[in-house]
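Residues per chain are reported as follows:
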Amino acid sequence: MRNIAIFYSSSSGDTKTVADFISKELDDIKEFDIKITGSDYINDYTNIILGVSTYTDGQLQLEWQKIWDPFCKIDFTDKKVAIFGLGDQIKYPDNFVDAMGTLYTQIKKSNGQIIGNTSIEGYQFNSSKAIIDNKFVGLAVDLNNTQEHIIIEKVKSWTEELKKNFN
Ligand SMILES: Cc1cc2nc3c(=O)[nH]c(=O)nc-3n(C[C@H](O)[C@H](O)[C@H](O)COP(=O)(O)O)c2cc1C
């Protein structure tokens, strides 16, 4: 049995919605709202999905900010990590899903292996800290400006990729 968990936080419920879409596609997966569990349990998993939304000129959502110090102390050696990021490309085109880039940078520092990068095609924005080599470092989701069936399709193909790459 695979050992997979999602750790997310969500101010208005959007990241929770996408976490639930992802859970439906993967067997034996646990979901943790870091508002309740903090950074506890992350270390118990080898296959990890992190969900983060972006606020205020590219900042991490509040609950991520609150657990940031203990989160940065976790050693991600031998762990595979996939990130999904919520943002709004129309209202915030200069900082679209920046927080996903912030998590990416930290996981690399903590020796984790990132999986699940995705194409930037089909999005409209000016700049994003979540892009490396012309690809998003994870799955970028704009729930405010995208039809739900398109998001579900994106989640399906992303989770197929994760299934191939998780331990
Ligand atoms: C005050 C405010 C600031 C925001 N700033 C950004 C931003 O800099 N970049 C971005 O991509 N989205 C930004 N957003 C959009 C949110 O990330 C988006 O609505 C997201 O779906 C919220 O997810 P959540 O409800 O799970 O927290 C902002 C939203 C608000 C209300």
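Quick caveat: nothing in here was measured; it's all calculated off a predicted structure. (Residues numbered from 1 in each chain as written. Predicted model: local features only at pLDDT ≥ 70, side-chain atom pairs only at ≥ 80, totals over all residues. Heavy atoms only, no water.)

### Quick look at the pattern of salt bridges
- What the rule picks out here adds up to six salt bridges.
- A salt bridge links E31 to K16; its shortest N-O distance comes to 3.3 Å. You can see E31 sitting in strand 2 (residues 29-33) and its partner K16 sitting in helix 1 (residues 14-25), a full 15 residues away along the chain.
- The structure contains a network of salt bridges with shared partners spanning K16, D20 and E31. (Salt bridge = Lys/Arg side-chain N within 4 Å of Asp/Glu carboxyl O. Helix = DSSP H or I, 4+ residues; strand = E, 2+ residues; numbered from the N terminus.)

### What about the layout of surface pockets?
- Empty space within the largest pocket amounts to approximately 320 Å³.
- Residue assignment for the lining of the largest pocket shows that the elements contributing at least two residues are helix 1 and strand 3 (47-55).
- Classifying every residue of the lining of the largest pocket by side-chain character gives seven nonpolar, 12 polar and four charged. (1 Å grid on protein atoms, 1.4 Å probe; cavity = no way out; pocket = protein on both sides within 12 Å on 5 of 7 lines; lining within 4 Å. Points joined across faces, edges and corners; volume = space filled by probe spheres on them. Nonpolar A, V, L, I, M, F, W, Y, C, P; charged D, E, K, R; others polar.)

### Overview of helix 1
- With 12 residues, helix 1 should reach 16 Å at 1.5 Å per residue; the first-to-last C-alpha distance of 18 Å fits that figure.
- Every buried residue of helix 1 is accounted for by T15, V18, A19, F21, I22 and S23.
- Elements in contact with the buried residues of helix 1: strand 1 (4-8), strand 2, strand 3, strand 5 (80-86), strand 10 (139-141) and helix 6 (148-165). (Expected span 1.5 Å × (residues − 1). Buried < 20%, exposed > 50% of the residue type's maximum accessible area, 1.4 Å probe, protein only. Contact = heavy atoms within 4.5 Å.)

### What to know about the environment of I152
- Within the element layout of this structure, I152 appears in helix 6.
- Assessed through its relative accessible area of 26%, I152 is described here as partly exposed.
- Taking the C-alpha atoms as reference points, I152 and I22, 130 residues apart in sequence, are found 8.6 Å from one another.

### What about the sheet that holds strand 9 (residues 135-136)?
- Sheet architecture is open: three strands sit in the order 7-9-8, paired in antiparallel fashion. This sheet does not close on itself; its edge strands, each paired only once, are strand 7 (118-119) and strand 8 (131-132). (Pairing = 2+ DSSP bridges.)

### With respect to the nonpolar core
- One finds F7, L50, W64, F71, L103 and F136 to be the most contacted residues of the largest nonpolar core, which totals 32 residues.
- Sorting the residues of this core by element identifies strand 1, strand 3, helix 4 (68-72), strand 5 and helix 5 (98-109) as the ones contributing at least two each.
- Judged by nonpolar contacts, the second largest core, of 21 residues, contains I29, F84, L86 and V141. (Core = buried A, V, L, I, M, F, W, Y, C linked by side-chain atoms within 4.5 Å.)

### Looking at unusual backbone geometry
- Notably, D57 is not glycine yet its phi reads approximately 55°, a positive angle.
- Looking at the element boundaries, D57 is found in the loop between strand 3 and strand 4 (59-60).
- Owing to a relative accessible area of 59%, D57 belongs among the exposed residues under this scheme.
- The residue N111 is not glycine, and still its phi comes out positive at about 70°.

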